[in-house]
Amino acid sequence: MYVSPIREPLIKGSKDYSQVTKDILAPMAGKPSKYWYMGITLAGSAALFGAWATFMTVYYGIGTWGLNKTIGWAWDITNFVWWVGIGHAGTFISAILLLFRQRWRTSINRSAEAMTLMAIACAGFFPLIHMGRLLLGFFILPYPNTRDLWVNFNSPLLWDVFAITTYLLVSLIFWYIGLIPDLGTVRDKATNKIRKAIYGFLSFGWTGSARHWSRHETVSLILAGLAAPLVLSVHTIVSFDFATSVIPGWHTTIFPPYFVSGAVFSGFAMVLTLLIVARKALNLEDYITVGHIENMNKVIIITGSIVGIAYITEFFIAWYSGVEYEMYAFINRATGPYAWAYWIMMTCNVITPQLFWFKKIRTNLVATFIISIFVNIGMWFERFVIVVTSLHRDYLPSSWTMYKPTIVEVGLYVGTLGVFFTLFLLFIRVFPVIAIAEVKSVLKATGENKKDHHHE
Amino acid sequence: MEKKYFKSIEELRIDTSRENDIHAAGDKFYILDAQREALTLPSTTRRDFLKAFGFTIASAAVATSCEQPVRKAIPFLIQPEGIIPGKASYYASTFYDGIDYCSVLVKVRDGRPIKIEGNSLSSVTKGGTNARTQASVLNLYDNARHKNPSKNGSEISWEQLDSEVIAKIREASSSNKKIVILTSSVISPSTNAAINDFASAFAGTELVTYDAFPASGMLDANESSFGVPFIPSYRFDKADLIVSFDADFLGSWLSPVEYTKQYIVNRKLVDGQRKMSRHIHFEGAMSLTGSNADYRVQLRPSHQKMVLAQLLSELRQQSGSATPGLGDASNDVKELAKNLMQHKGKSLVVCGSNSRDEQLLVNEINQILGNYGATIETDIQLKTRQGLNHRVTRLVEEMNAGKVGALIIMDVNPLYDYPQAAQFAQGLQKVGMSIALNVISDETSAATTFVGPDHHYLEAWNDAEVKTGFYSLSQPAIRPIFNTRSAQESLLKWSGNNTDFRSYIKAYWQKNLFAADNSYLSFESFWNAKLHDGVFESGRKETVAVAYTADAVNKVLASLAGKTMADSIDLVLYTNVGVGTGKHANNPWLQELPDPVTKACWDNYVMISPRLAEELNISDEQLVTINDSITLPAIIQPGQEYKTLAVALGYGRQNTGVPANGVGQNAYPLLGSEAGNISFYIAGVALSPQNSSYPVARTQSHHSLEGRELLRETTLEEYLENPQAGNEAHFEAEHHKKSMYPKVEFDGMHWGMAIDMNACTGCNACVVACSSENNVPVVGKEQVLASREMHWIRIDRYYNGDINDPEVVRQPVMCQHCDNAPCENVCPVAATTHSNEGINQMAYNRCIGTRYCANNCPYKVRRFNFLDYTGADSFKGNRMDPTEMTTDLRRLVLNPDVTIRAKGVIEKCSFCVQRIQEKKLVAKTENRELRDGEIVPACAQACAAEAIVFGNLNDKNSKVSRYFASERNYHLLEEVHTLPSVGYLTKVKNKSV
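About the thresholds
- One numbering rule holds for all chains: residues counted from 1, following each sequence as written.
- Numbering of ligands from 1 and lettering of chains from A proceed in the order in which they are written.
- Residues qualify for local features only when their pLDDT is at least 70, as the model is predicted, and side-chain atom pairs are given and counted only at 80 or more; totals for whole chains, interfaces and linings, by contrast, use all residues.
- Each helix is a run of H or I in the DSSP string that is no shorter than four residues. Each strand is a run of E no shorter than two, and both are numbered from the N terminus.
- In this description the radius of gyration comes from C-alpha coordinates, and the expected globular size is given by 2.2 Å times residues to the power 0.38.
- Every C-beta atom is placed from the backbone, and the number of other C-beta atoms within 10 Å of a residue's own sets its class: buried at 20 or more, exposed at 12 or fewer, partly exposed in between.
- Residues are defined as contacting one another if the C-beta atoms placed from their backbone atoms lie within 7 Å.
- A strand pair is defined by DSSP finding two or more bridges across the two strands.
- Lines fitted to C-alpha atoms define the axes here, with helix axes fitted over just the stretch in contact, and angles between the N-to-C directions of these axes take values from 0 to 180 degrees.
- Should an angle fall under 35 degrees it is called roughly parallel, over 145 degrees roughly antiparallel, and 65 to 115 degrees roughly perpendicular, with every other angle called oblique.
- The hand of a helix crossing depends on one turn: near helix anticlockwise from the far one by less than a right angle means left-handed, and clockwise means right-handed.
- Any residue that is not Ala, Val, Leu, Ile, Met, Phe, Trp, Tyr, Cys, Pro, Asp, Glu, Lys or Arg is counted as polar, Gly included; the first ten are nonpolar and the last four charged.
- A set of buried Ala, Val, Leu, Ile, Met, Phe, Trp, Tyr and Cys residues, joined through C-beta atoms within 7 Å, is what we mean by a nonpolar core.
- If the strands point away from the viewer and the path from the first strand over the helix to the second runs clockwise, then the crossover is right-handed.
- The arc in question is traced by the directions running from the helix axis to the C-beta atoms.
- Predictor confidence is given residue by residue as pLDDT, running from a minimum of 0 to a maximum of 100.

Comments concerning the overall build of chain A
Alright, step 1. If you tally the helices and strands in chain A, you get 17 helices and 0 strands.
Alright, step 2. For 456 residues, the compact-globule estimate of 2.2 N^0.38 gives 23 Å, and chain A sits close to it at 23 Å.
Alright, step 3. The C-alpha extent of chain A, read off along each of the three principal axes, is 80 × 60 × 40 Å.
Alright, step 4. Taking all 456 residues of chain A together, 50% fall into the buried category.

This is the structure in structure tokens:
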């Protein structure tokens, strides 16, 4: 009898349920390793550097940065868009892949979503710190006041405020709802009273009853339905900051889809960067398998190719428009004083991901890790190229200037990286990095387990 | 009995049935029970809580409350006549600093002069100003002013100073030593009278006129040619062909404001004018005037004499006189001579050189062309720059020989700007008594025994006769801030006359000038009228007959015979429109003013031609040493003559304080001399590049238009054929101008501004005027290097064509007040909005500083307060004020009508909205409509070239509407559909294609 080739199992190592629980909860138990301490010291120091830079910026002013009369945004908005982009993978994985019934997502959605939240927090920092008068930043909220002052709903920056906060809230709720069954598990496994009490509180009295499960699944599906359009809308709105302006190189209608695919592209790259390390460090290779990595690499090829086509389309449209300012903006990108940034972007974003067409490369962990770093760098430069090279030479040549970052700007960027990794390191200590309940649901969905059962 | 309140009948019933049947009420009972319990809780608990709470909060508030600053507002006990708090008064006055003259109005608010405006009643300056005149109000509040009389640096009283000085002067007089009054050209008749009084009181008194930027070569030449040393009155407005040999008459030569006013008369093609003068300019270094010329010819300064001689010989030939045997003239010169002959009596040849020989040649050129009496008036003479160099040279010799017993220095600074300053300093040691009557502490007043500080001109009475018969008055606009005394009063006092200078001037005018005007019955009414107007034009003419003789020039021609033009590297030393001779170097506005040619500020530098730089392998900003004496950064200057270098004078001040100290290098010691006259170029300099570089702060770093149609120009021929010439893109843009949205209409006013680029010379007066009017912060060199200058108006300068000989075009750019403004819709907090009169407004208080508007402004006119430049920030200790503009003294110059901007907010041109508002209120109180031209923004007011016109676009008869209707009018980046309220008129050059 013909037996069709069986699918690779999603979880390797013929685990039973109790083993899964044990494996996944292992990183939370006991004392952290010395690598963890080293990691958090490094990340914490970076965060302190950022705190110093924040103080300098607020106390002395934006003048501590390298901006000038022509270039009003540079690293600040570059970092903002970069972080928002990174924040796209988590929700994409948990919401859109949930809707598409991609069950392999269960191994990675928890950490990817956590990463999303941290990235959005880091992203949200930049629009705040870039304000000249941060202490009056609350003006941006449409609150009732006796002076009849109201915000300007025509401003894409205001749309950002709503887009980012909505995304942060929905992602946070979605993530937390997903956590509840696992928090129940953590509570049940807890051996000390305080721990039990805390996780008991956090798990909202989860008992695992059929009714709980039913409600949980329904809420998850509704939230997934809510979150899915947000994945597309957030970066669309971020791209409006540029697309609705009049600056050549910003004023581009292709920006919304281009930004969204770029965001998913960079988000997946960051997930890969983190998980390739984490699966090793936390002994979760059976859960986050090469199959997962390969799937993510496939998403990277797709989105990377979309981004590449977008880059080329921009050039075509600049020529096709016949607008001299527009043409110059793009020629200047590729050949002007910041051409190096442009070519870093092109190499990292368009060329390197194409290597994933080779199965050998996309299933190779080291290669994947290196390319994911390349993509992270490339996507940062993409935003830098858009923000800075468009601004530094716009309409009137008399106002053309150059931009160079200062130590304070570097500090703010490194600071957010520090905060991001600090939070991630804390996350792996306090929450299960893999959705235990969801992984259990795919334990026997495919693969050897099922086959073995059948033949027994 | 306790009162019982109930909310419903049910409640009341339950309450009454409570005892009977507790269970019948069921759950409801318990709820209501609990409710009632809450209601009937002892009320004292809540009140006690509130009491305790209130007490805690109140005591916490009292204990921790911040100390409130005490602000005193003291009303006038007796209201001074004519002063309304919050309303500005204007006083006519005269700015004269020894170099520049300008008749001005001083704007005074609450007892403080805050702004200088041109006085349109003067027919010399006609309401125009230059950058230094505009900036002079800030000198009044200079931190480095002498605050008290002093002796050897320590403060003394005026009485002590007077007694000691008089004793010393008497001693000098009695010991037959000279008493020298050293001053810049005195144009004040009353001051001259006071000096004469002093001279008659003390035997041996001599007046030595010392000008840092002299015209002694011309004086000498005119003495040789006409028998009288004088500077004639030039009439650029009467000339159809202007030929200038290195005379920067729009920037620094003799009387630039006057000449700008005259020059533009024949340069503006508006209101039906179709005639334009032609301006041909010969120069080595690129100057403001040269860059405005129709034709600019590069000529090395050491070759100028020969070229002038060749031109003269060509002219002589063409007019049929004998010619000396000079080398063959170039075709340019032949062509020029022919051209000049066609414009006999309608041409004007001027020469900026301080060489007597060159001026002699120019004199004969003008003589042959019949320009004397036509474009050059000899019966009206300019009274400034009367200093003769050899007199100063003799003085220095006499000082060193110990022949000078007393030296009274009246606001000149020879220890800085005299080329042999060291010799002067040595001589000063041998002078019996030296006193400086200088206003601001400087190199000279640091070396004199006594300092008897003079008033700043805004604190003093004075008069002036800038040209024959053109009188003007100065009056104090503020009580003296420091313990100073008018220099003239000091002289009068020492000569035994105790009258104050005001009475002295008045007496002088009564005696000498009242008779010239018979339209007044009494002197008092005459005086009041003239004081009000600031000027008095008596119509007096010089009576000394001038007759031309060619003897001297023939000698010059003879000496040139057989000579060739040497091939050497020449260095030109010039004064720029900012700090000028250096007298105003301590003025932050002027230091931060970008040079109209190089766009550099806060330094002087060596301008070097691209060709020479390439040959010597010198890169931009590389340090170079000239003649082993002065090391400065090089700036590669397109259009500079191949082997001509140029360095600005006026930098490298010492003993002056912030900000002038240490800015640039003093180039005065480099000055050479020719036949006793200071020469503003030296031939054959040695240039040695250093291995290091030095950053020069420039407000513009890209100099090509990149082929963009931002600055549209045409030639006169093309314009006359088709007035739309060069402006075709405007009509195309108009054709394509469509919008989905309804056109925005403005009821009432729609403010607009038109800029005639043919008139604009790029002199930068508007930039200073704007800074002064709008409290624009000065940010210092480091911030300018970081491209963060704050100017609300800038003058873009572009080169076009060959880098070695480019055309220069300029364009003033300020906020364009777009009716479809890209900045307005991107501000998240609506801090920048459009007024119903078409003005793009900034609400500083609302701005949170996202800089989105600045990014989205295609004109890049929005300025961000990157740091706390003004001291308006709420944090202490973070102020960024390297130029000391925020000291209590300097702050007195701030315009109270304009908010000081804090760190972190955007600012930009407001069309001087405070002036609009002021005039609207005036019109309203007078119950009439606003008149066209009544509202004049600061930039337009300052502009000597009348290049900026402001008004109501809804009024089709307004001047600005007429400009907008001109075929030359276009809008900057109109194809972006920003709908700017600023229009530009195309530049038209009078040249053949």
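Section: the overall build of chain B
Alright, step 1. Within chain B, the secondary structure is distributed over 30 helices and 42 strands.
Alright, step 2. Burial status across chain B gives 56% buried among its 993 residues.

Quick word on the environment of V350(A)
Residue and element names in this part refer to chain A.
Alright, step 1. Looking at the element boundaries, V350 is found in helix α12 (residues 339–351).
Alright, step 2. For the pair V350 and G378, spaced 28 residues apart in sequence, the C-alpha separation works out to 8.8 Å.
Alright, step 3. Every residue in contact with V350, bar those within four places of it in the chain, is listed here: G304, G308 and Y311.

Digging into the sheet that holds strand β4 (residues 150–151) of chain B
Residues and elements named next belong to chain B.
Alright, step 1. Taking strand neighbours across the sheet as the criterion, the 7 strands line up as β5-β4-β16-β15-β14-β6-β7 in an open arrangement whose pairing is mixed. Looking at the sheet topology across the chains shown, the edges are occupied by β5 (154–155) and β7 (205–209).
Alright, step 2. As defined by bridge partners, strand β15 (residues 433–436) adjoins strand β16 (residues 450–451) across 2 bridges and the pair is classed as parallel. Along β16, the bridge assignment pairs I435 with F450.

Focus on the packing of helix α4 (residues 131–140) of chain B against helix α24 (residues 765–774) of chain B
The description of two helices packed together rests on the angle between their axes and the distance between the axes.
Residue and element names in this part refer to chain B.
Alright, step 1. With their axes 7 Å apart at the nearest point, α4 and α24 run at an angle of 25° to one another. By the angle between their axes, α4 is roughly parallel relative to α24. The way α4 lies across α24 gives a crossing that is left-handed. Only A765, V768, A769 and S772 of α24 make contact with α4, whose side of the interface consists of A131, Q134, A135 and V137.
Alright, step 2. Class assignment of the residues belonging to the contact of α4 with α24 gives a composition of 6 nonpolar, 2 polar and no charged.

So, the nonpolar core
Alright, step 1. Core analysis: the largest hydrophobic core is formed by 397 residues, its most contacted members being V271(A) and V606(B).
Alright, step 2. Examining the composition of this core, we find that 14 residues originate from one element, helix α9 (residues 255–281) of chain A, more than from any other.
Alright, step 3. With residues near it in sequence (within four places) discarded, V271(A) still touches A89(A), I108(A), A112(A), M115(A) and M296(A).
Alright, step 4. L269(B), Y719(B), A725(B) and V988(B) belong to the second largest nonpolar core, which has 5 residues in total.

Focus on the pairing of β7(B)
Residue and element names in this part refer to chain B.
Alright, step 1. When strand β6 (residues 178–183) meets β7, the two strands line up parallel, connected through 5 bridges. Within β7, the residue paired with V180 across the bridge is E206.
Alright, step 2. With respect to chirality, the unit in which β6 leads through helix α6 (residues 189–201) into the neighbouring parallel β7 is right-handed.

Re the environment of V430(A)
Alright, step 1. Relative to the helices and strands, V430(A) resides in helix α15 (residues 407–430).
Alright, step 2. Each C-alpha atom, one on V430(A) and one on L169(A), is 20 Å from the other, the two residues being 261 residues apart in sequence.

Here's the deal with the sheet that holds strand β2 (residues 101–109) of chain B
Residue and element names in this part refer to chain B.
Alright, step 1. Taken in spatial order, the 3 strands make up an open sheet running β1-β2-β3, and their pairing is antiparallel. Whereas interior strands pair on both sides, the edge strands pair on one side only; in this sheet they are β1 (89–96) and β3 (112–118). The mean angle between the axes of side-by-side strands here comes to 35°, regardless of whether they run parallel or antiparallel.
Alright, step 2. In this sheet, β3 lies alongside β2 in antiparallel orientation, the contact comprising 6 bridges. In the strand pairing of β3, V106 is matched with I116.
Alright, step 3. Seen against the sheet, α4 touches β1, β2 and β3 and runs at an angle of roughly 165° to β3.

Here we look at α12(A)
All names here are of chain A.
Alright, step 1. Burial in α12 covers these residues: Y342, M345, C348 and N349. Buried residues of α12 fall within an arc of 145° about the axis and therefore sit on the same side.
Alright, step 2. Of the surrounding elements, those touching the buried residues of α12 are α10 (290–321), α11 (324–335) and α14 (365–392).

Concerning the interface of chain B and chain A
Alright, step 1. Listed by partner, the interface residues are 45 residues for chain B and 41 residues for chain A.
Alright, step 2. Top element by residues in the side of chain B that touches chain A is helix α27 (residues 852–856) of chain B. It accounts for 4 residues.
Alright, step 3. Of the residues belonging to the side of chain B that touches chain A, the class tally is 22 nonpolar, 13 polar and 10 charged.

Some remarks on the pairing of strand β25 (residues 644–648) of chain B
All names here are of chain B.
Alright, step 1. In terms of residue burial, β25 counts as a mostly covered element, since 5 of its 5 residues are buried.
Alright, step 2. Where strand β20 (residues 570–574) lies against β25, 5 bridges are found, and the strand directions are parallel. Bridged to D570 within β25 is T644.

With respect to the packing of helix α8 (residues 210–243) of chain A against α9(A)
All names here are of chain A.
Alright, step 1. Axis separation between α8 and α9 bottoms out at 8 Å; the angle between their running directions is 125°. Judged by the inter-axis angle, α8 sits oblique to α9. Both α8 and α9 take part in a crossing whose hand is right-handed. Note on element contacts: α9 touches α8 through F255, P256, F259, V260 and A263, opposite L232, H235, T236, V238, S239, F242 and A243.
Alright, step 2. Taken together, the residues of the contact of α8 with α9 break down into 9 nonpolar, 3 polar and no charged.

Describing the confidence of the model for chain B
Alright, step 1. On average, chain B scores 91 in pLDDT, and the residues at 70 or more come to 95%.
Alright, step 2. The complex model carries a pTM of 0.90, and its ipTM stands at 0.93.

Remarks on unusual backbone geometry
Residue and element names in this part refer to chain B.
Alright, step 1. The residue after V658, namely P659, is reached through a cis peptide bond having omega 0°.
Alright, step 2. Mapped onto the secondary structure, P659 falls in the loop between β25 and β26 (672–674).
Alright, step 3. The backbone of R385 shows a phi angle near 55°, a positive value even though the residue is not glycine.
Alright, step 4. Among the structural elements, R385 can be located in the loop between β13 (376–382) and α13 (389–400).

Some points on the confidence of the model for chain A
Alright, step 1. Residues of chain A with pLDDT of at least 70 account for 96%, and the chain-wide mean is 91.
Alright, step 2. Per-element confidence in chain A ranges from a low mean pLDDT of 51 for helix α17 (residues 448–455) of chain A to a high of 96 for helix α2 (residues 34–60) of chain A.

Section: the environment of I84(B)
Alright, step 1. Within the secondary structure, I84(B) is located in the loop between α3 (43–64) and β1.
Alright, step 2. Remark: the alpha-carbon pair of I84(B) and K168(B), spanning 84 residues in sequence, is separated by 48 Å.

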